[in-house]
Amino acid sequence: MGWIRNLLGVPDDVWAAAAGKLGAEFVQGKWLANSEIKLSHRGFPITLGADFDSDSDSGTEYTRAVPSVRLNPHIKLAVIPQVKGLLGSVASGLAARTGATINIPSLGEDYLVLGEDEELANEVFGHRDFLSALKGLTQNPKILVGRTSSVDLLADEKEDDFYVSVRGVLKDIHQLVALVELTKVLLDLLDENGCLAATES
């Protein structure tokens, strides 16, 4: 089965190597199912997997890191890569009219930040550790931390309330590791700011 998956371009070898580098468990998918990397950071489980966006006409795939934690109810933030051109202007204008946008100068103009707590957003997304980990990724990630109607406005309709994702199925060890490291830093900063409830059993 492994050679069939390799023939079809499923990057199991790369994901297994990334899991080894992270000291994590590699769970190979069966047939054409996506594989996963499972690890724990300070007692918080994280699952890294590929996700097909069935709600999109483009059939976009994402690599998504999903921490299995419970957020406190008031935590509702999102960081979304800024779309260039007319579509980006329309999205920014729509978000601005809801009063949901947050300005984080250190992120520059590459992201649209949504949420209801500007101080918390700056403490987390403007923190030097977060910004440093962000530089490890070659493409801008989408980050969802909780949900409100304003955050849902430009975020995907997914069952997960907390994830970090990038477009496509990552086939580079360093990028897989960088995505996990960013997620770990984000968990640490959210925990420090009292955003996390008890770990799910």
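In this text the structure is predicted, and so the values were computed from the model without any measurement.

**Observations regarding the overall build of the chain**
Here comes step 1: From N to C terminus, the chain includes 7 helices and 10 strands.
Here comes step 2: For the chain, the proportion of its 201 residues judged to be buried stands at 45%.
Here comes step 3: Of the contacts formed within the chain by residues at least 6 apart in sequence, a portion of 62% connects residues at least 24 apart.
Here comes step 4: Carbon together with sulfur atoms contributes 50% to the accessible area of the chain, which is approximately 10,200 Å² in total.

**A few points about the packing of helix α2 (residues 12-22) against helix α7 (residues 173-192)**
Here comes step 1: Contact geometry of α2 with α7 gives a least axis separation of 9 Å together with a crossing angle of 50 degrees. When the axes of α2 and α7 are compared, the pair comes out oblique. Like other packed secondary-structure pairs, α2 and α7 cross with a definite hand, here right-handed. Contacts between α2 and α7 involve Val14, Trp15, Ala17, Ala18, Lys21 and Leu22 on the former and, on the latter, Ile173, Leu176, Val177, Val180 and Glu181.
Here comes step 2: When its residues are assigned to classes, the contact of α2 with α7 shows 9 nonpolar, no polar and 2 charged.

**Thoughts on the packing of aromatic side chains**
Here comes step 1: All chains considered together, the criterion is met by 1 aromatic pair.
Here comes step 2: Consider the rings of Phe125 and Phe130, whose centres lie 5.4 Å apart with planes at 65 degrees: the pair is edge-to-face. Summarising the burial analysis for this pair, Phe125 and Phe130 share the class buried.
Here comes step 3: Directly above the aromatic system of Tyr62 lies the positively charged group of Arg64, at a separation of 5.8 Å from the ring centroid.
Here comes step 4: Above the ring of Tyr163, the side-chain terminus of Arg64 is found at 3.9 Å from the ring centroid.

**Concerning helix α4 (residues 118-125)**
Here comes step 1: Every buried residue of α4 is accounted for by Leu120, Ala121, Val124 and Phe125. On an axial view of α4, the arc spanned by its buried residues comes to 105 degrees, and they lie on one face.
Here comes step 2: Of the surrounding secondary structure, the elements contacted by the buried residues of α4 are β6 (77-81), β7 (111-115), α5 (128-134), β8 (142-145) and α7.
Here comes step 3: A side-chain oxygen of the first residue of α4 lies 3.3 Å from the backbone nitrogen of Glu119; this N-cap is Asp117.

**Let's talk about the nonpolar core**
Here comes step 1: Ranked by internal contacts, the top residues of the largest apolar core, which has 48 residues, are Leu107, Phe125, Phe130, Ile143, Val145 and Leu186.
Here comes step 2: Looking at this core, the element that brings in the most residues is α7, giving 11 residues.
Here comes step 3: Beyond its immediate sequence surroundings of up to four residues, Leu186 is in contact with Val124, Phe125, Phe130, Ile143, Val145, Phe162 and Val164.
Here comes step 4: Within the second largest apolar cluster, 8 residues are counted, among which are Val66, Leu114, Leu144 and Tyr163.

**Topic: the side chain of Lys184**
Here comes step 1: Counting through the fold element by element, Lys184 comes out in helix α7.
Here comes step 2: Lys184 sits in the buried class, given a relative accessible area of 15%.
Here comes step 3: Not counting the four nearest positions on each side in its chain, Lys184 is found in contact with Leu39, His41 and Ile46.

What counts, and where the lines are drawn
Residues numbered from 1 in each chain as written. Predicted model: local features only at pLDDT ≥ 70, side-chain atom pairs only at ≥ 80, totals over all residues. Heavy atoms only, no water. Helix = DSSP H or I, 4+ residues; strand = E, 2+ residues; numbered from the N terminus. Buried < 20%, exposed > 50% of the residue type's maximum accessible area, 1.4 Å probe, protein only. Contact = heavy atoms within 4.5 Å. Areas by Shrake-Rupley, 256 points an atom, 1.4 Å probe, with all protein chains shown as cover. Axes fitted to C-alpha atoms, helices over the stretch in contact; angles between N-to-C directions. Parallel < 35°, antiparallel > 145°, perpendicular 65-115°, else oblique. Left-handed = near helix turned anticlockwise from the far one by under 90°. Nonpolar A, V, L, I, M, F, W, Y, C, P; charged D, E, K, R; others polar. Phe/Tyr/Trp six-rings, centres within 6.5 Å; stacked < 30°, edge-to-face > 60°. Lys NZ or Arg CZ within 6 Å of the ring centre and 35° of its normal. Arc of directions from axis to C-beta. Polar contact = N/O pair within 3.5 Å; in protein donor to acceptor, adjacent residues only side chain to side chain. Core = buried A, V, L, I, M, F, W, Y, C linked by side-chain atoms within 4.5 Å.

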